[in-house]
Amino acid sequence: MASEEEINLLVIVVDVNPIWWGQQAQRETDLSLSKCLDAVMVLGNSYMAMARTSRLAVIASHCEDSHFLYPGKSWRTGDSSGDDAYSSGDGKYELLAVANNFIAEEVRKVMSKTEVRGNSTDTLLAGTLAKALCFGQEMKSRILVIKAAEDCARQYMNFMNVIFAAQKQNILIDACVLDSDSGLLQQACDITGGLYLKIPQKVALAQYLLWVFLPDSEQRSQLVLPPPAHVDYRAACFCHRNLIEIGYVCSVCLSIFCNFSPICTTCETAFKIQLPQMVKPKKKKLKQPT
Amino acid sequence: MDEEPERTKRWEGGYERTWEVLKEDESGSLKATVEEILFQSKRKRVTESHGQVRLGMMRHLHVVIDCSRTMDDHDLKPNRLTASLKLLETFVEDYFDQNPISQLGLITTKNKRAEKLTDLAGNPKKHIVALKKAVDTVCIGEPSLYNSLHLAIQTLKHMPGHTSREILVILSSLTTCDPANICELIKTLKSLKVRVSVIGLSAEVRVCTVLTRETGGSYHVILDESHFKELLMLHVKPPPASSSSECSLIRMGFPQHTVAYLSDQDAKPSFSMAHLDSSGGAGLSLGGYFCPQCHAKYTELPVECKVCGLTLVSAPHLARSFHHLFPLQAFTESPAEGFCQACQGELKDKSIFTCPICGGVFCSECDLFIHDSLHCCPCYLIPDGTISVCH
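It should be emphasised that the depicted structure is a prediction, and the values quoted were computed from it without experimental measurement.

Asks: Explanation requested: the overall build of chain B in the structure shown.
Replies: Within chain B, the secondary structure is distributed over ten helices and 17 strands. Per-residue burial over chain B gives 45% buried out of 391 residues. Here the analysis covers contacts within chain B between residues at least 6 apart in sequence; of these, 62% occur between residues at least 24 apart. As displayed, chain B offers around 19,900 Å² of accessible surface, 54% of which is attributable to carbon and sulfur atoms.

Asks: So what exactly am I meant to see when it comes to the UniProt feature "zinc finger region: C4-type" (unreviewed entry) in chain B here?
Replies: UniProt records the feature "zinc finger region: C4-type" (unreviewed entry) for residues 291-308 of chain B in the present numbering. For residues 291-308 of chain B, the end-to-end C-alpha separation is 9 Å, with 0% helix and 22% strand making up the annotated structure.

Asks: Which parts of the structure should I look at to understand the environment of B:A260?
Replies: Residue and element names in this part refer to chain B. Following the sequence through the fold, A260 ends up in the loop between β8 (257-258) and β9 (288-290). By relative accessible area, which is 24% here, A260 ends up partly exposed. Here the alpha-carbon distance between A260 and L286, two residues 26 residues apart in the chain, equals 5.7 Å.

Asks: Quick question: what am I supposed to make of the sheet that holds strand β12 (residues 311-312) of chain B here?
Replies: Sheet strands associate in pairs through backbone hydrogen bonding, adopting either a parallel or an antiparallel arrangement. Overall, mixed pairing links the five strands, which are arranged β10(A)-β9(A)-β7(B)-β12(B)-β11(B) in an open sheet. Edge positions in the open sheet fall to β10 (256-257) of chain A together with β11 (303-304) of chain B, since each of these has one partner strand only. Taken together, the five bridges between strand β9 (residues 246-250) of chain A and strand β7 (residues 249-253) of chain B define a ladder with antiparallel strand orientation. Counted as the bridge partner of A:V249 is B:I250 from β7(B).

Asks: Could you clarify how one ought to interpret the packing of helix α4 (residues 125-135) of chain A against helix α10 (residues 364-374) of chain B in this entry?
Replies: Helix-helix packing is described using two parameters, namely the angle between the two axes and the distance between the axes. With their axes 10 Å apart at the nearest point, α4(A) and α10(B) run at an angle of 120° to one another. Of the possible angle classes, the one that applies to α4(A) and α10(B) is oblique. Here α4(A) runs over α10(B); the crossing is right-handed. Contacts between α4(A) and α10(B) pair A:A130, A:L133 and A:C134 from the former with B:C366, B:F369, B:I370 and B:L374 from the latter. Of the residues that constitute the contact of α4(A) with α10(B), the class distribution is seven nonpolar, no polar and no charged.

Asks: Looking at this structure, I do not really get the pattern of salt bridges. What am I missing?
Replies: Close approach of charged atoms allows side chains with opposite charge to pair. All names here are of chain A. According to the stated counting rule, one finds 18 salt bridges over all chains in the structure shown. Residues E106 and K109 are paired through a salt bridge, measuring 3.2 Å at the closest nitrogen-oxygen approach. You can see E106 and its partner K109 sitting in helix α3 (residues 94-113), three residues apart, about one turn around the helix. Overall, E106 belongs to the buried group, its relative accessible area being 19%. Here D232 ties to R234 by a salt bridge, and the two come within 3.0 Å at their closest N and O atoms. Judged by relative accessible area, D232 falls into the partly exposed class, the value being 27%.

Reading the values: the criteria
- Residues numbered from 1 in each chain as written.
- Chains lettered and ligands numbered in written order.
- Predicted model: local features only at pLDDT ≥ 70, side-chain atom pairs only at ≥ 80, totals over all residues.
- Heavy atoms only, no water.
- Helix = DSSP H or I, 4+ residues; strand = E, 2+ residues; numbered from the N terminus.
- Buried < 20%, exposed > 50% of the residue type's maximum accessible area, 1.4 Å probe, protein only.
- Contact = heavy atoms within 4.5 Å.
- Areas by Shrake-Rupley, 256 points an atom, 1.4 Å probe, with all protein chains shown as cover.
- UniProt positions renumbered as here; feature names shortened; annotations may be inferred.
- Pairing = 2+ DSSP bridges.
- Axes fitted to C-alpha atoms, helices over the stretch in contact; angles between N-to-C directions.
- Parallel < 35°, antiparallel > 145°, perpendicular 65-115°, else oblique.
- Left-handed = near helix turned anticlockwise from the far one by under 90°.
- Nonpolar A, V, L, I, M, F, W, Y, C, P; charged D, E, K, R; others polar.
- Salt bridge = Lys/Arg side-chain N within 4 Å of Asp/Glu carboxyl O.

So this is what it looks like as structure tokens:
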């Protein structure tokens, strides 16, 4: 095992939500899914060309599942028997040609075969990030998320678990947001120390990817990069989903409420009505079990 | 107190033929057996779970460290005190990682007295600095179990009823020098609902057995350093809450982080309330967290506002504890082949783990990672087509 050459892994998570991309195609904007994947391939090729020990992985995050676009299933055994079919004709470094063809093939398969069932149209990003973390367990890695559709509030808990696991493993999560700001990704970037960028002009996606997200974390201190976004860490109350500054927290299940109520709606415990703790009880009796 | 039947001691049972566990394979190598044993011990941690039990999320824990003469012994390298302090540093970090809204305090005992090393606080840095400095203490005299427990009770008895009150004693000496009857103190501890656990470094001591049994804690004696680490990590997870602990709504503040630059026109530098007492702390700074009730500034969370008494936390701090409340189910093991859905690695000759809710298939390393750090299942498609969250 070469000890000086540490493997650096870049995992690119691409949001291929078919509903959002379909709406983009209908509106005939400049950015289509194929152009987005072209930009991703440019970034992937540049990253792999930077050092011999760089590894790339690309995962597509769909409405119901996530698929590895690259590498294929036999990467760990080093099985390269299928690679002979992918020789490129233009003299490109073979590894890059193989990667590009693989990604193009797999994304065609994913988009044509996966059905959108049920009434869920949100991209399930938390599961994809969890897979990316499992994939990059033994190596020094970082994750870049290219997000298209809006956040899904149901994933909050899974998302936070993934963020804390990434923080413990020192894995950076960067975010490149195409459309609407995502509070969850802003928190992820803030907690893990990554970069968050909402792209002003979608046409120039490749430019932003190469400028902002190609350098590694050690090189970022020497560059002037977009300033960190202001993250709103206020909690949302469970009853109205409003952001509150002062709230009441149930000591059993940690749910947050904006008003005092005698019963917690989440865990259904009845609370003892107590005075606020800063006032010492003088006249009223507190029920103290001795 | 002596009515409970004692468990049989090790020397009273029959012979344990420990050598029969090791089996050689054809080439005479023990590697496969050793790997199997390590694998089983890792899996044991994953499958133990409390189930649907209410846990004490907000904990007030005092750690009592024995600094008596026996801590100078060289059976743990370089000596017991240095090894214990090093493990405690890891313990403090993991404790605040898993219990972000809890507090910890350190007490040392030597020369028949007990002294507070650090007060009960929610910030890990102070404790780690104190632990690093404590490596230089001279280990003399005898410890005093009574005095250290008494000192811990002084602060714990004022804590509100919905928090869990715990004391963890790391005792290496076989003796203790107490000014009064410790049985009375045990009765007081029981009435105050304080849970005392002991980790012994030498041998089992009867007074510790009684103390932990009466207060509902656990008592273990270490075998070696890795066992010591394992026993310490057992105390990181929140314990089941006692049935008589109160449940209440705690009023908390969620301050916004304001970041100001010198180029802003309204930027006003201010002092942080947390550093008022320390002489060498940070001076004026521009941004920070402002208490929503009294607008006092703090540089770090979680903290209790010194001016108005409001507990200040941020939403991710509470989110860190959610995986205790909604633990992930253990996966079912079965021998099969295929590819791990999480890391895309091939599974040959190993068992696969299946999530009982969504049917996702994972290898053993991913299973360990999922249950130890991740706490959520990467795939969540239920076979009947509805999508849900695997919990």
